[in-house]
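An overview of the molecular structure
Letter by letter, the chains look like this.
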Amino acid sequence: MTTIVTLDTAALEQKVKAMYRAVAEDPDGEFHFEMGRALAQRLGYAPDELDRIPAEAIRSFAGVGCYFDLAEAKAGQAVVDLGSGSGMDSFIAGLRVGPSGRVIGIDMTDEQLAKARRLAASGGWPQLSFRKAYIQATGLDEACCDLVISNGVINLAPDKREVFREAARILRPGGRLALADIVTETQLPEGITCDATLWAACIGGAMQSGEYVAAVEAAGLRILRYRENPEYRFISANAAKASAKFGVKSISLSAVKA
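Residues numbered from 1 in each chain as written. Predicted model: local features only at pLDDT ≥ 70, side-chain atom pairs only at ≥ 80, totals over all residues. Heavy atoms only, no water.

Concerning the nonpolar core
Applicable threshold: Among buried residues, those of type Ala, Val, Leu, Ile, Met, Phe, Trp, Tyr and Cys that are joined through side-chain atoms within 4.5 Å constitute a nonpolar core. Classification of residues uses two cut-offs on accessible area relative to the type maximum, computed with a 1.4 Å probe and protein chains only: under 20% is buried, over 50% is exposed, and between them is partly exposed. By definition, residues are in contact when any of their heavy atoms lie within 4.5 Å.
In terms of nonpolar packing, the biggest core is built from 54 residues, with Y45, I53 and M88 touching the most fellow members. Y45 has contacts with A40, L50, F61, G65, C66, Y67, F68, M88, D89, I92 and N151, leaving out every residue within four places of it along the chain. In this structure, A133, Y212, V213 and A255 belong to the second largest nonpolar core, which totals 34 residues.

Structural notes on the confidence of the model for the chain
The criterion, for reference: Values of pLDDT, ranging from 0 to 100, describe the predictor's confidence in every residue of the model.
Taken residue by residue, the chain gives an average pLDDT of 91. The fraction at 70 or more is 91%. Low pLDDT (under 50) marks residues 1-5, which in the prediction has two contacts with non-local residues, meaning those over four places away or in another chain.

Things to note about the pattern of salt bridges
Stated formally: Just to be clear on terms, a salt bridge is a Lys or Arg side-chain nitrogen sitting within 4 Å of an Asp or Glu carboxyl oxygen. Secondary structure elements are taken from DSSP: a helix is a run of H or I of four residues or more, a strand is a run of E of two residues or more, and numbering for both begins at the N terminus.
Applying the stated rule across the entire model yields 15 salt bridges. Two residues, E34 and R42, come together in a salt bridge whose shortest N-O distance is 2.5 Å. Given a relative accessible area of 27%, R42 falls into the partly exposed group. One salt bridge in this structure joins R118 and E56, with 3.0 Å as the shortest N-O distance. Taken together, the residues span a long stretch of sequence, with R118 in helix α7 (residues 110-123) and E56 in helix α4 (residues 55-59) at a distance of 62 residues.

Here's the deal with unusual backbone geometry
The backbone of E72 sits at a positive phi, close to 55°, despite the residue not being glycine. Topologically, E72 is positioned in the loop between α5 (68-71) and β1 (78-82). A positive phi is found at A143, a non-glycine position, where the angle reads about 55°. Judged by its relative accessible area of 31%, A143 is partly exposed.

Things to note about the state of the cysteines
To keep things clear, this is the line we draw: Disulfide assignment relies on a single distance test, namely cysteine sulfur atoms paired within 2.5 Å.
For the structure shown, the criterion picks out zero disulfides. The closest cysteine sulfur to the non-disulfide-bonded C145 is located on C144, 4.6 Å from its own sulfur.

Quick look at the layout of surface pockets
Filter applied, for reference: Here a cavity means grid points, on a 1 Å grid over the protein atoms only, where a 1.4 Å probe fits yet cannot get out; a pocket means an open set of points with protein on both sides within 12 Å along at least five of seven lines; lining residues are those with an atom within 4 Å of a point. Grid points are joined across faces, edges and corners, and a volume is the space filled by probe spheres set on the points. Any residue that is not Ala, Val, Leu, Ile, Met, Phe, Trp, Tyr, Cys, Pro, Asp, Glu, Lys or Arg is counted as polar, Gly included; the first ten are nonpolar and the last four charged.
Counted as a void, the largest pocket has a volume near 580 Å³. Taken together, 34 residues line the largest pocket, and the ones lying closest to its centre are V16, G83, D107, V153 and L156. Within the residue set of the lining of the largest pocket, elements represented by two or more residues are α1 (9-25) and α6 (88-97). In terms of residues, the lining of the largest pocket owes the most to one element, α1, which gives seven residues. Here the residues of the lining of the largest pocket sort into 16 nonpolar, 14 polar and four charged.

Quick look at the structure:
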């Protein structure tokens with residue numbers, strides 16, 4: 001008899017929240033991934049822009065790539081950041097859209113939201129707000145934004161197709177999706193994909209790259225650019241081993257809504 005193993009999504013949510021609670025509260029702790037300003041600059045973030053946003057947000061930055069050249073954010077635009085964390089990318093977006101624009105960060109972890117809100121309020125960023133919600137169910141109005149961004153988060157979602165459909169729903173016609181995320185070259189085995197701990201570590205939930213692109217397009221978004229981010233690397237032994245064995249890697253892409 002074949003035993004069907006399924007992912008415990010409730011356990012996954014708790015593990016993800018616990019990990020990113022630690023990212024917000026103890027950014028100098030031990031994680032399987034790099035964090036902070038050195039990582040951001042190696043991925044391609046401009047030092048002069050990093051100098052203009054809260055240093056505390058940068059310390060808790062755990063992204064996997066820089067996609068802002070693909071985003072083409074403009075002054076006055078409305079941006080939604082899926083999985084905004086402590087807010088580094090939201091602050092960068094805030095610089096790009098200026099005081100006449102607005103940025104809404106979406107996150108499910110209370111500690112990340114509290115940190116981002118505190119930094120925005122204390123630093124005078126009226127164009128930024130942060131909302132508690134799931135990235136696949138933001139609760140935002142249809143066609144409410146010009147740009148959706150996300151960094152290293154969609155791989156954590158149990159149903160990535162649902163996330164892309166939500167991104168397409170909230171984008172205006174002609175709006176753009178720009179993101180960085182973790183994908184694989186080959187399909188991961190069931191023992192990994194059904195392990196909530198490995199999902200929370202940005203390994204178990206990684207989708208095969210071809211399927212990832214197909215899921216974006218199935219949501220009604222046309223791929224504009226797709227590239228790998230060789231500057232990103234996992235630092236724990238287990239994560240590095242999985243990366244080598246299954247081709248787990250970071251990519252960035254942009255897509256437009258017809």
